[in-house]
Amino acid sequence: MKIFLLSILTSIFALSFFLFQDKNDYQDPKLVESMERGSEIYSDFCVTCHLPNGEGAGGTFPPLAGADYLMENREASIRGVKYGQQQEIVVNGETYTTAMPNPRLEDEEIADVMNYILNSWGNASEDIVTLEEVEGITEE
Ligand code: HEC
């Protein structure tokens, strides 16, 4: 009986391991969950300026989709979302000077929305943005 139970437990363990592996091969489940939450935050706090597909609006609101600034300046991008920003920045060769007001999000929400914009519309980032990373970024 003990052996029988043990083999059942072993198969359950093996099965869950395979299921988990399978999901993991596709995309980190943690990232997927964070992006799902981030997508809602995006619709509530970002979409009015950066638009539904992150395309931005010519000359006033910079794009996030395929944006070299976002993809190459991870820390500055998180800082901008955390504190708001107004400085001259160049995104994909175009200069922007309009202010982005502080959206006043929780650090956890910032991590989620960053994971969403870093991995949507063709953007892809290898490292997941964590709460600790956002907490560590201070205003300049
Ligand atoms: C009121 C309009 C507005 C809203 C709302 C807004 N932004 Fe922005 N965003 C801007 C502007 C304008 C800039 C450029 C700021 C500058 O020139 O310093 C910018 C810049 C950025 C950048 C860096 C530049 C780039 O395109 O890579 C990121 C990243 C970004 N915003 C993300 C967000 C996220 C995420 C949200 C929602 C939480 C958000 N923004 C909400 C207007 C907005």
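Residues numbered from 1 in each chain as written. Predicted model: local features only at pLDDT ≥ 70, side-chain atom pairs only at ≥ 80, totals over all residues.

1. Looking at the confidence of the model for the protein chain
Residues of the protein chain with pLDDT of at least 70 account for 82%, and the chain-wide mean is 89. Overall, residues 21-25 carries pLDDT values under 50, and its contacts beyond four positions in sequence, including any with other chains, amount to 1 contact. (pLDDT = per-residue confidence, 0-100. Contact = placed C-beta atoms within 7 Å.)

2. Describing helix 5 (residues 74-83)
Along helix 5, the residues that are buried comprise S77, I78, V81 and K82. Projection of helix 5 onto a plane perpendicular to its axis shows the buried side chains occupying an angular sector of 135°, all on one side. Elements in contact with the buried residues of helix 5: helix 4 (68-72), helix 6 (107-118) and helix 7 (131-135). Two residues or fewer past helix 5, G84 is found with a positive phi of approximately 80°. (Buried ≥ 20, exposed ≤ 12 C-beta atoms within 10 Å, placed from the backbone. Helix = DSSP H or I, 4+ residues; strand = E, 2+ residues; numbered from the N terminus. Arc of directions from axis to C-beta.)

3. Digging into the nonpolar core
Generally speaking, soluble globular proteins have nonpolar side chains that are buried together. Ranked by size, the top nonpolar core spans 18 residues in total, and within it Y42, I110, V113, M114 and I117 carry the most contacts. Broken down by secondary-structure element, the contributors of at least two residues to this core are helix 2 (29-45), helix 5 and helix 6. Among the elements that make up this core, the one with the highest residue count is helix 6 (7 residues). Not counting residues within four places of it along the chain, the set of residues in contact with Y42 comprises V47, V113, Y116 and I117. (Core = buried A, V, L, I, M, F, W, Y, C linked by C-beta atoms within 7 Å.)

4. So, the site of the ligand
Looking at the ligand, there are 28 residues lining it, with C46, C49, P62, L70 and M100 nearest. Counting residues per element, the ones that place at least two in the shell around the ligand are helix 3 (47-50), helix 4, helix 5, strand 1 (89-91) and helix 6. Broken down by class, the residue content of the shell around the ligand amounts to 19 nonpolar, 9 polar and no charged. (Near = placed C-beta within 6 Å. Nonpolar A, V, L, I, M, F, W, Y, C, P; charged D, E, K, R; others polar.)

5. Regarding the packing of helix 5 against helix 6
Contact pair helix 5 / helix 6: the axes reach a minimum separation of 10 Å and the direction vectors enclose 130°. Regarding the angle of helix 5 to helix 6, the classification is oblique. The crossing of helix 5 and helix 6 is right-handed. In this structure, helix 5 uses I78, V81 and K82 to contact helix 6, whose residues at the interface are I110, V113 and M114. Here the contact of helix 5 with helix 6 is composed, by residue class, of 5 nonpolar, no polar and 1 charged. (Axes fitted to C-alpha atoms, helices over the stretch in contact; angles between N-to-C directions. Parallel < 35°, antiparallel > 145°, perpendicular 65-115°, else oblique. Left-handed = near helix turned anticlockwise from the far one by under 90°.)

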